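# Structural characterization, general
Listed here are the chains, written in short residue letters.
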Amino acid sequence: MNQLKYAIRSFDKYAPWLRNIFIVTNGQVPDWLNTEIKNVRIVEHQEFFREKSHLPTFSSPSIEINIHRIQGGTSFDPWLSFR
């Protein structure tokens, strides 16, 4: 999980033009994450999966094909996957 921690710190320091950081999860929230930070948001799978019968899933291709449905995101948002 340290990869995610240091990635968020790096975005803040070296990519200040990124307005939002969406952490896509099936409900797991790192205990070190300050959820009060305004530009970091936890997004659970059920928020953007159209077919709820496909949940829960941990399949990266399945998540990636639905990720464009996140509210507040754009088609130009970069994304990273930590497995």
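Each remark here, short or long, concerns the structure printed above.
Residues numbered from 1 in each chain as written. Predicted model: local features only at pLDDT ≥ 70, side-chain atom pairs only at ≥ 80, totals over all residues. Heavy atoms only, no water.

Glancing now at the pattern of salt bridges. Tallying each qualifying case throughout the model produces one salt bridge. We note a salt bridge from Glu-47 to Arg-41, for which the minimum N-O separation is 3.2 Å. Here Glu-47 falls in the partly exposed class, since its relative accessible area comes to 45%. (Salt bridge = Lys/Arg side-chain N within 4 Å of Asp/Glu carboxyl O. Buried < 20%, exposed > 50% of the residue type's maximum accessible area, 1.4 Å probe, protein only.)

This next bit is on the layout of surface pockets. In this model, the second largest pocket occupies a volume close to 180 Å³. Among the elements that make up the lining of the second largest pocket, the one with the highest residue count is helix 1 (residues 2–14) (four residues). (1 Å grid on protein atoms, 1.4 Å probe; cavity = no way out; pocket = protein on both sides within 12 Å on 5 of 7 lines; lining within 4 Å. Points joined across faces, edges and corners; volume = space filled by probe spheres on them. Helix = DSSP H or I, 4+ residues; strand = E, 2+ residues; numbered from the N terminus.)

We now examine the environment of Asn-20. Assignment of secondary structure puts Asn-20 in the loop between helix 1 and strand 1 (21–25). The contact partners of Asn-20, leaving out residues within four places of it in the chain, are Asn-39 and Gly-72. (Contact = heavy atoms within 4.5 Å.)

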